[in-house]
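The residues making up each chain are set out below.
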Amino acid sequence: MSTIAAFYGGKSILITGATGFLGKVLMEKLFRTSPDLKVIYILVRPKAGQTLQQRVFQILDSKLFEKVKEVCPNVHEKIRAIYADLNQNDFAISKEDMQELLSCTNIIFHCAATVRFDDTLRHAVQLNVTATRQLLLMASQMPKLEAFIHISTAYSNCNLKHIDEVIYPCPVEPKKIIDSLEWLDDAIIDEITPKLIRDWPNIYTYTKALGEMVVQQESRNLNIAIIRPSIVGATWQEPFPGWVDNINGPNGIIIATGKGFLRAIKATPMAVADVIPVDTVVNLMLAVGWYTAVHRPKSTLVYHITSGNMNPCNWHKMGVQVLATFEKIPFERPFRRPNANFTSNSFTSQYWNAVSHRAPAIIYDCYLRLTGRKPRMTKLMNRLLRTVSMLEYFINRSWEWSTYNTEMLMSELSPEDQRVFNFDVRQLNWLEYIENYVLGVKKYLLKEDMAGIPKAKQRLKRLRNIHYLFNTALFLIAWRLLIARSQMARNVWFFIM
Ligand SMILES: CCCCCCCCCCCCCCCCCCCCCC(=O)SCCNC(=O)CCNC(=O)[C@H](O)C(C)(C)COP(=O)(O)OP(=O)(O)OC[C@H]1O[C@@H](n2cnc3c(N)ncnc32)[C@H](O)[C@@H]1OP(=O)(O)O
Ligand SMILES: NC(=O)C1=CN([C@@H]2O[C@H](COP(=O)(O)OP(=O)(O)OC[C@H]3O[C@@H](n4cnc5c(N)ncnc54)[C@H](OP(=O)(O)O)[C@@H]3O)[C@@H](O)[C@H]2O)C=CC1
């Protein structure tokens, strides 16, 4: 019997960000391995015209939860969705709900965050810093609380090259920033943001660093741990390989490449692609929850969950395998034949952007105009290139993360726990994982049917022929022009003939 699974039995667990990518996989694993847990409280806001209950039903009715329904048929009764908006005072939680949370919660997993790179400083601080402080304050009033697990990111200190499992101080005190945002107007905030974030690449990573500092400062006598995952990717094994449900991180790039929009990316091919499967992260989170509650470490421990130091893969290897998978399992209705390359040179990158991205978009928009339709490709391409430029920082560098605490925890687990809550990324076979990842993007994100593969392959063949035809025509025109102008070219031509 797994000690960790037994630990969560009978527990009341509070999860923030449960409707997000990581949160859903966390809930799934908890219900599947500890179906006798008492209740999972989730802090949810209504969204896209859906009530809280509709949001919960939608999650439970998804393929991700199919196995859960077998082992825990009353899962609906064990989820208690609580109306909350982390942007508001006291999270806008009702008095009764707050009372219940304060008196019953045993474990907190704090996953909610804004992960947008271009969010405003005000909003990102509110969610990633102030809300964390508020939750810690709530936690300090929970008599039954055993552990508080805060999810940060391995990139919270990406301004450093080597990152240890410690909380680094930020140049400006979080409290000072929170206070000043209260009275500064938006225009001034925009002006001072670059000065504040200094060598952090974006507001997201900066506010996650501030969030960690807040955790350290407000920890009081709570049992706290911080988990720092790198780039969280599709599931590796559980509940099935390849599950993914949003366009963040590599997902959007995989789609844009598979659909033939993206043909060149400015990246350092040999830089480490520090992707970590979401189920691995969740297994570590649950192990850390158990360890923190039972062993009560004297200080706040930080755990890195990254792949680079144990089982590195680089962007080149990943890219080649992604492209190979498109050959076997193509996406439907591609704009162009999927074929991309990495370039580390700024000039070549500009060239490919003009030739392979902007020019085809303009030509396609002309075609749309001529056929009486609204042009849209240039706009779409510009947005895509803006997105890719925001991710470039992370695909052109490598970092070293120490993993002493994560390895220590692994050695503390029984063989059964190591099997059920496996976070040993050395066992990951990258080629297999990437293939399942691309397949998962096709099935769960694009919702494409596998039955459409033969048709998609036929279309790819057609696109390939068009491509060859176009290139041959281009070559002949160039050659013809050259012959007209150069005696040498004419001689070569007569010689060949
Ligand atoms: C041989 C070569 C072969 C090559 C083959 C290829 C091989 C594969 C190689 C893989 C290399 C991967 C590198 C990953 C590095 C990740 C680093 C993460 C590190 C930190 C990790 C963390 O700790 S934490 C989570 C990370 N946090 C995000 O990852 C949010 C980012 N995101 C945003 O901050 C907003 O998204 C942003 C961008 C502002 C736009 O914002 P926005 O206002 O324009 O609006 P939207 O977000 O609504 O998106 C508007 C349109 O962008 C499209 N799109 C959105 N994301 C996209 C995306 N990733 N790739 C493409 N396309 C994307 C979308 O499809 C929409 O398209 P449409 O125009 O048709 O609607
Ligand atoms: N994905 C990744 O690659 C990585 C993620 N992380 C960290 O993991 C955690 C989870 O990330 P991930 O699941 O990918 O992110 P998602 O964007 O998928 O999920 C974010 C969650 O936060 C909730 N949330 C956002 N704003 C509010 C609000 N005002 N009130 C209540 N809830 C809110 C969202 O709710 P709603 O559904 O209503 O929007 C959603 O449930 C984050 O802390 C992130 O920093 C760390 C490293 C990498």
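Now for a quick tour of the structure.

What counts, and where the lines are drawn
Residues numbered from 1 in each chain as written. Chains lettered and ligands numbered in written order. Predicted model: local features only at pLDDT ≥ 70, side-chain atom pairs only at ≥ 80, totals over all residues. Heavy atoms only, no water. Near = heavy atom within 4 Å. Polar contact = N/O pair within 3.5 Å; in protein donor to acceptor, adjacent residues only side chain to side chain. Areas by Shrake-Rupley, 256 points an atom, 1.4 Å probe, with all protein chains shown as cover. Helix = DSSP H or I, 4+ residues; strand = E, 2+ residues; numbered from the N terminus. Patch = residues over 30% accessible without salt bridge, like charges linked within 9 Å, V, L, I, M, F, W, Y side chains within 5 Å. Salt bridge = Lys/Arg side-chain N within 4 Å of Asp/Glu carboxyl O. Buried < 20%, exposed > 50% of the residue type's maximum accessible area, 1.4 Å probe, protein only. Nonpolar A, V, L, I, M, F, W, Y, C, P; charged D, E, K, R; others polar. Phe/Tyr/Trp six-rings, centres within 6.5 Å; stacked < 30°, edge-to-face > 60°.

## Concerning the site of ligand 1
Close to ligand 1 lie 29 residues; Arg116, Phe117, Thr153, Tyr204 and Gly249 are nearest. Tyrosine 204 places a polar side-chain atom, nitrogen or oxygen, 2.9 Å from an oxygen atom of ligand 1. Within the contact set of ligand 1, an oxygen atom lies 3.5 Å away from a side-chain nitrogen or oxygen of threonine 387. Protein coverage of the free-state accessible area of ligand 1, which is 1,500 Å², stands at 84%. Those elements that provide at least two residues to the shell around ligand 1 are helix 11 (250-258), helix 13 (315-328), strand 12 (341-343) and helix 15 (377-395). At eight residues, the largest contribution of residues to the shell around ligand 1 is made by helix 15.

## Description of a nonpolar patch on the surface
Together, Met488, Val492, Trp493, Phe494, Phe495, Ile496 and Met497 make up an exposed nonpolar region whose accessible area comes to about 870 Å². Mapped onto the elements, tryptophan 493 comes out in helix 20 (residues 487-496). Judged by its relative accessible area of 30%, tryptophan 493 falls in the partly exposed class.

## Points about the pattern of salt bridges
Any two side chains of opposite charge can pair, on the condition that their charged atoms come close. Inspection of the entire model under this criterion finds 22 salt bridges. The residue glutamate 100 makes a salt bridge to arginine 80 at a minimum N-O spacing of 2.7 Å. Taken together, the residues glutamate 100 in helix 6 (residues 95-104) and arginine 80 in strand 3 (residues 79-83) connect sequence positions 20 residues apart. Judged by relative accessible area, arginine 80 falls into the partly exposed class, the value being 26%.

## Comments concerning the site of ligand 2
For ligand 2, the set of nearby residues contains 26 residues, the closest of which are Thr19, Lys47, Arg55, Tyr204 and Lys208. Residue glycine 20 places a main-chain N or O atom 2.9 Å away from an oxygen atom belonging to ligand 2. The separation between a nitrogen atom of ligand 2 and a polar side-chain atom of asparagine 87 is 3.4 Å. Across the complex, the protein chains shield 90% of the 900 Å² of accessible surface that ligand 2 would expose by itself. Going through the elements one at a time, helix 2 (21-33) and helix 10 (203-217) are the ones with two or more residues in the shell around ligand 2. Residue composition of the shell around ligand 2, by class: 13 nonpolar, eight polar and five charged.

## Examining the packing of aromatic side chains
Counted by the stated rule, this structure contains 24 aromatic pairs. Seen in terms of ring centroids, phenylalanine 21 and tryptophan 243 are 5.8 Å apart; in terms of plane orientation they differ by 25 degrees. Their pairing is stacked. One end of the pair, phenylalanine 21, is in helix 2; the other, tryptophan 243, is in the loop between strand 8 (231-233) and helix 11, with 222 residues separating them in the sequence. Consider the rings of phenylalanine 475 and tryptophan 479, whose centres lie 6.5 Å apart with planes at 5 degrees: the pair is stacked.

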